[in-house]
Amino acid sequence: MNNRINGKTALYGVIGYPISHSMSPEIHNTIFDLRKENRIYLPLSIPPETLKDAMMMLGSSFKGFNVTIPHKEKIMEYLDEIDEKARWYGAVNTVKVEDGKLIGYNTDGYGFTRSMVEEGVSLEGKRILLVGSGGAARIAGHEILLQGGLLTIANRSSDRSHRLKEVLETNIGAKDIKTMDLNHIESGFDCIINATPLGMAPWVEEMPVREEVLKNSPWIFDMVYNPYETKLMRLGKIYGCRVKNGFSMLFYQAVKAQEIWMGKMFLEDELYKLHEEIENYIVGSRREDIESIG
Ligand code: NAP
């Protein structure tokens, strides 16, 4: 008799389209199993034109869910409340259903900052080069400024980096954000952060910056985690940089979503065990289609 799901099982999930690339089901079901919770997490394929209708079912049957591409911005129209950081980031990746209300959060910023803390890296007063100006860069930009980092943004399309600078100035009140042409970046940043997909398939042999930029940069954080070591990280090591991939960011955004849904924090030894189990799974699975867990 299979009793994994019964009438009392609480439902969670991730909505996106397509959804088959998502690792959220593996991550969250591993967490539920470890905590021996009667909860289950499902991949939910929701085409954009059905999002509004799906909200009714999600609100009535689910306790919480994650949101991935292409719904992260659009879903904000259908929520009852939105957390301040999700507003800043312009995107929601986690929804909690509470007394019939849908409350939106974004846990990626927590994931980003917590992964820095894990490395013992403080961004305060450091010159940070952020490459990219999409959703992930927007989140990192806010977090870097909140931590007192000195931010320079470089992106393929300069109009987008200027727009990101304006958003950050409005939300954080920062005055000294620099933007730079990708081809004219010099070396000498304390930390380089890759918030582009360069390094993952099909761009595994590409880097977001020229090799010379890596000289004298003590720290490189690549948000990509598949492959586990990108070309940027490989070359960074040769230049003596300390390198980190995006796995911990991915892991801690999921942890934060769980804490929001459950209303209880993880113990440090639970986190350690989960981090190790999920990291081993991701390294071992070598799935080519993993992009983002949403
Ligand atoms: P996005 O919103 O689509 O933005 C992509 C950014 O990359 C844009 O700035 C874009 O420049 C730039 N870009 C794309 N292709 C490029 C190319 N061929 N050459 C140079 N620049 C290019 O994507 P996103 O959500 O910000 O995600 C960016 C990366 O971060 C992805 O690899 C994603 O998997 C990763 N990520 C990781 C985590 C994690 O938890 N570790 C979380 C979120 C995202 P233009 O503006 O010129 O188009």
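Going by the structure above, here's the rest.
Predicted model, so just to flag it, every value in this text is computed and none were measured. (Residues numbered from 1 in each chain as written. Predicted model: local features only at pLDDT ≥ 70, side-chain atom pairs only at ≥ 80, totals over all residues. Heavy atoms only, no water.)

A. Layout of the packing of aromatic side chains. The final tally for this structure, using the stated rule, is seven aromatic pairs. On the numbers, 5.6 Å between centres and 55° between planes, the contact of Phe-112 with Phe-221 is tilted. Of this pair, Phe-112 sits in helix α4 (residues 108-119) while Phe-221 sits in strand β11 (residues 219-222), placing them 109 residues apart in sequence. Here Phe-112 matches Phe-221 in class, with each residue buried. Grouping aromatic residues by their ring pairs yields a cluster made of Tyr-12, Phe-32, Tyr-41 and Trp-261. Here Arg-35 stacks its cationic end above the ring of Phe-266, 3.7 Å away from the centre of that ring. The ring of Tyr-110 has Lys-256 lying over it, and the distance from NZ or CZ to the ring centre is 4.9 Å. (Phe/Tyr/Trp six-rings, centres within 6.5 Å; stacked < 30°, edge-to-face > 60°. Helix = DSSP H or I, 4+ residues; strand = E, 2+ residues; numbered from the N terminus. Buried < 20%, exposed > 50% of the residue type's maximum accessible area, 1.4 Å probe, protein only. Lys NZ or Arg CZ within 6 Å of the ring centre and 35° of its normal.)

B. Summary view of the nonpolar core. Within the largest apolar cluster, 23 residues are counted, with the highest numbers of intra-cluster contacts made by Phe-112, Ile-144, Leu-151, Ile-193, Phe-221 and Met-223. Counting only elements with at least two residues in this core, the list comes to α4, β7 (127-131), α5 (135-146), β8 (150-155), α6 (158-172), β10 (191-194) and β11. Ranked by size, the runner-up nonpolar core spans 19 residues in total, among them Ile-15, Leu-51, Ala-54 and Phe-62. (Core = buried A, V, L, I, M, F, W, Y, C linked by side-chain atoms within 4.5 Å.)

Take it as geometry only, folks, not as evidence of what the structure does.
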